[in-house]
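# Understanding the architecture of this molecule
Here's the letter readout for the chains.
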Amino acid sequence: MTQCHFAEFLEEFALGSFDADERERVLEHIRLCPSCAEEAGNYLEALSVIALDAPDQTPPLSLGRFIMAEARHSIESPRRLPRQSVWRHWPVFAAAAVAAIALAWTIRLSGELENQHLALASLTRRYDIIVGVLAASEVAIQQMSATEAAPGAMGRIYLDRATGAGMLMHRLPPLTEGKCYQLWFVGNGERVNGGVLRTNPDGSGYTIIQSPGPLSRYTGVGVTQEPAGGSPWPTTDRLLGAGI
Amino acid sequence: MQVYRDSGASDEILVGRLCAKDVNALEILYARYSRPIYALAVRLVGDAHVAEDIVQECFLKLWRQPELYAPEKGRVTPWLLGMAHHRAIDWLRRRTIERRHEAEGVDPVEHSAVGGDPESILAGALRRDEVSQALAKLPDAQRVALELAYLRGMTQTQIADFLGEPLGTIKTRTRLAMRKLRTVLEPFALEESL
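Residues numbered from 1 in each chain as written. Chains lettered and ligands numbered in written order. Predicted model: local features only at pLDDT ≥ 70, side-chain atom pairs only at ≥ 80, totals over all residues. Heavy atoms only, no water.

## Regarding the overall build of chain A
Helix and strand content of chain A: 5 helices and 8 strands. Taken from the N to the C terminus, the helices and strands of chain A come in the order α-α-α-α-α-β-β-β-β-β-β-β-β. In chain A, which comprises 244 residues, the share counted as buried stands at 45%. Counting only contacts in chain A whose residues sit at least 6 apart along the sequence, the fraction spanning at least 24 positions is 59%. Carbon and sulfur atoms make up 57% of the accessible area of chain A, which totals about 13,300 Å². (Helix = DSSP H or I, 4+ residues; strand = E, 2+ residues; numbered from the N terminus. Buried < 20%, exposed > 50% of the residue type's maximum accessible area, 1.4 Å probe, protein only. Contact = heavy atoms within 4.5 Å. Areas by Shrake-Rupley, 256 points an atom, 1.4 Å probe, with all protein chains shown as cover.)

## Looking at the confidence of the model for chain A
Any residue range with low pLDDT should be treated as having predicted coordinates unsuitable for detailed reading. Across chain A, pLDDT averages 81, with 91% of residues at or above 70. Scored below 50 in pLDDT, residues 80–88 of chain A shows 6 contacts in the model against residues more than four places distant or in partner chains. (pLDDT = per-residue confidence, 0-100.)

## Regarding helix α1 (residues 11–19) of chain B
Each full turn of the α-helix corresponds to 3.6 residues, which orients residues three or four apart in the same direction. All names here are of chain B. Within the sequence span of α1, burial applies to D11, L14, V15 and L18. Seen along its axis, α1 keeps its buried residues to an arc of 100 degrees; they face one direction. Immediately downstream of α1, the backbone of K21 shows phi near 55 degrees, a positive value. (Arc of directions from axis to C-beta.)

## Focus: the state of the cysteines
Between two cysteines, a covalent bond joining their sulfur atoms is known as a disulfide. All names here are of chain A. Scanning the entire structure with this criterion turns up 0 disulfides over all chains. Of all cysteine sulfurs, the one in C33 lies closest to C36, which takes part in no disulfide; the gap is 3.6 Å. Owing to a relative accessible area of 0%, C36 belongs among the buried residues under this scheme. (Disulfide = S-S within 2.5 Å.)

## Some thoughts on the sheet that holds strand β6 (residues 204–210) of chain A
Backbone-to-backbone hydrogen bonds pair the strands of a sheet. The strands run either parallel or antiparallel. Residue and element names in this part refer to chain A. Read from one edge to the other, the open sheet built from 8 strands follows the order β5-β4-β7-β8-β1-β2-β3-β6, with strand pairing classed as antiparallel. Single-partner strands in this sheet number two, and they are β5 (190–196) and β6. Each neighbouring strand pair of the sheet contributes to a mean axis angle of 25 degrees, computed without reference to strand direction. Pairing analysis gives 4 bridges linking strand β7 (residues 220–227) to strand β8 (residues 240–243), with the strands arranged antiparallel. Note on β8: the bridge partner recorded for G222 is G241. (Pairing = 2+ DSSP bridges. Axes fitted to C-alpha atoms, helices over the stretch in contact; angles between N-to-C directions.)

## Let's talk about the environment of V26(A)
All names here are of chain A. Topologically, V26 is positioned in helix α2 (residues 20–32). Sequence separation between V26 and L10 is 16 residues; the distance between their C-alpha atoms is 7.7 Å. Those residues in contact with V26 that sit more than four places away from it in its chain are F6, L10, F13 and F18.

## Topic: the packing of helix α1 (residues 7–15) of chain A against helix α3 (residues 34–51) of chain A
Residues and elements named next belong to chain A. Closest axis-to-axis distance for the α1/α3 pair is 9 Å, and the angle between their directions is 35 degrees. Where α1 crosses over α3, the two elements pack in a sense that is right-handed. Between α1 and α3, the residues in contact are A7, L10, E11, F13, A14 and L15 and C36, E39, A40, Y43, L44 and L47, respectively. (Left-handed = near helix turned anticlockwise from the far one by under 90°.)

## Structural notes on the nonpolar core
Within the largest apolar cluster, 82 residues are counted, with the highest numbers of intra-cluster contacts made by I67(A), F59(B), L146(B) and L181(B). With 14 residues, helix α2 (residues 23–45) of chain B is the largest single contributor of residues to this core. Counting 21 residues, the second-largest nonpolar core is a separate cluster that includes A153(A), L175(A), V221(A) and L239(A). (Core = buried A, V, L, I, M, F, W, Y, C linked by side-chain atoms within 4.5 Å.)

## Topic: the packing of aromatic side chains
All names here are of chain A. Within this structure, the stated rule accounts for 5 aromatic pairs over all chains. Where F185 meets Y218, the ring centres are 5.2 Å apart and the plane angle is 55 degrees; that geometry is what we call tilted. Within this pair, whereas F185 is found in strand β4 (residues 179–187), its partner Y218 is found in the loop between β6 and β7, the two being separated by 33 residues in sequence. Considered together, F185 and Y218 belong to a single accessibility category, that of buried residues. (Phe/Tyr/Trp six-rings, centres within 6.5 Å; stacked < 30°, edge-to-face > 60°.)

## Notes on the packing of helix α6 (residues 140–152) of chain B against helix α7 (residues 156–163) of chain B
Residue and element names in this part refer to chain B. Orientation of α6 relative to α7, taken along the N-to-C sense of each, is 130 degrees, at an axis distance of 10 Å. Our classification of the angle between α6 and α7 gives oblique. Relative to α7, α6 is oriented so that their crossing is right-handed. Within the contact between the two elements, α6 uses V144, A145, L148 and A149 and α7 uses I159, F162 and L163. Among the residues forming the contact of α6 with α7, the class breakdown is 7 nonpolar, no polar and no charged. (Parallel < 35°, antiparallel > 145°, perpendicular 65-115°, else oblique. Nonpolar A, V, L, I, M, F, W, Y, C, P; charged D, E, K, R; others polar.)

## Re the interface of chain B and chain A
With 80 residues of chain B at the contact, the number on the chain A side is 72 residues. Summed over both sides, the interface of chain B with chain A buries roughly 7,000 Å², with 60% coming from carbon and sulfur. The interface formed by chain B and chain A includes 6 salt bridges. The shortest N-O distance in the salt bridge between E27(B) and R72(A) comes to 3.0 Å. Here chain B is connected to chain A by 11 residue pairs in polar contact (both at pLDDT 80 or more). (Buried area = accessible area lost by both parts, 1.4 Å probe. Salt bridge = Lys/Arg side-chain N within 4 Å of Asp/Glu carboxyl O. Polar contact = N/O pair within 3.5 Å; in protein donor to acceptor, adjacent residues only side chain to side chain.)

Pasting the structure below:
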């Protein structure tokens, strides 16, 4: 067990109790203190039990492709950090203070740039998927019909028949607290979860979707309202539907 | 994605190869750990798109700053899971604040379907059985305190308020729970099951 005074913070650090700034201070310390690094690693190891208890989920193939493309791209055109000035002719203490401020500012700026870059990368990935669907040679576009349960609701689905990737645009009634809209793929008398829809407060929105397994298994799609987070099977009447 | 070959190199060696900008090493690490990281993120944030962003941030961070990982921090898996957990908790807290500001607003939630080949799904199910058994061995009070902190992103002060218990009691419970988990983990050889 480490005797470092930081040790008392490591448990809460591993649990995620700290905000980003506090966490960064702990991380800075961990980089310099092997005993705290080992202790923090032990806590993270223990907590990985809870992490690994999560139900199995597979990220979409497009995510891996995008990350590797980003990695390759960064080799071809590495980002450059701004150069720092050197204040050679100032008194030593003033120079040290200014350099410290400049360094802190550079680190902060670098962090912000990193966050903006990641957000942009995420948006780019989504647009890449949408463009891929719209440009697919076997794209199917279907207008979804509203049922009596949601008169006036509208939906249009775009599906790449080759990959099962697609996009659903919709305008549905505003959701009530604790509810969500969920897509179902219909085939052989079964309804298979197609994901929960991204919905704005007014009920409109668009969602990138992926058919669970080959699209040829399914003959239609439907949308229902379910408890927030989604349901393993439909629990309410269909609001929108279409053949595919 | 290009075809890659998992040479069986250890995670630590692969992270070392990232310092030399070896994309193949990143592909192998992604193939090994993207699923548990994604599953954890989906469980925490309940939104497939946000979960994808978290996976993306973790692996790109690892790619850009592999030197942040040091072997004395333990195995790569818990370190990556910890990074994903922290990012998910940050997102949950931001969302809580946003929801306070948008009392009548409804935030988007989205899930993706479960997928993958049958063998890895079965392996994942077996692994979850093991870790579920490990969690089940904890006394209820300890497990609840730990799950509220880890899965809900609550601080220990918030947990104390929520459960109506003294802060010191909550701190003791979470500390004991984590120590007990470390003990029961040893026979499970988690690295192999991943």
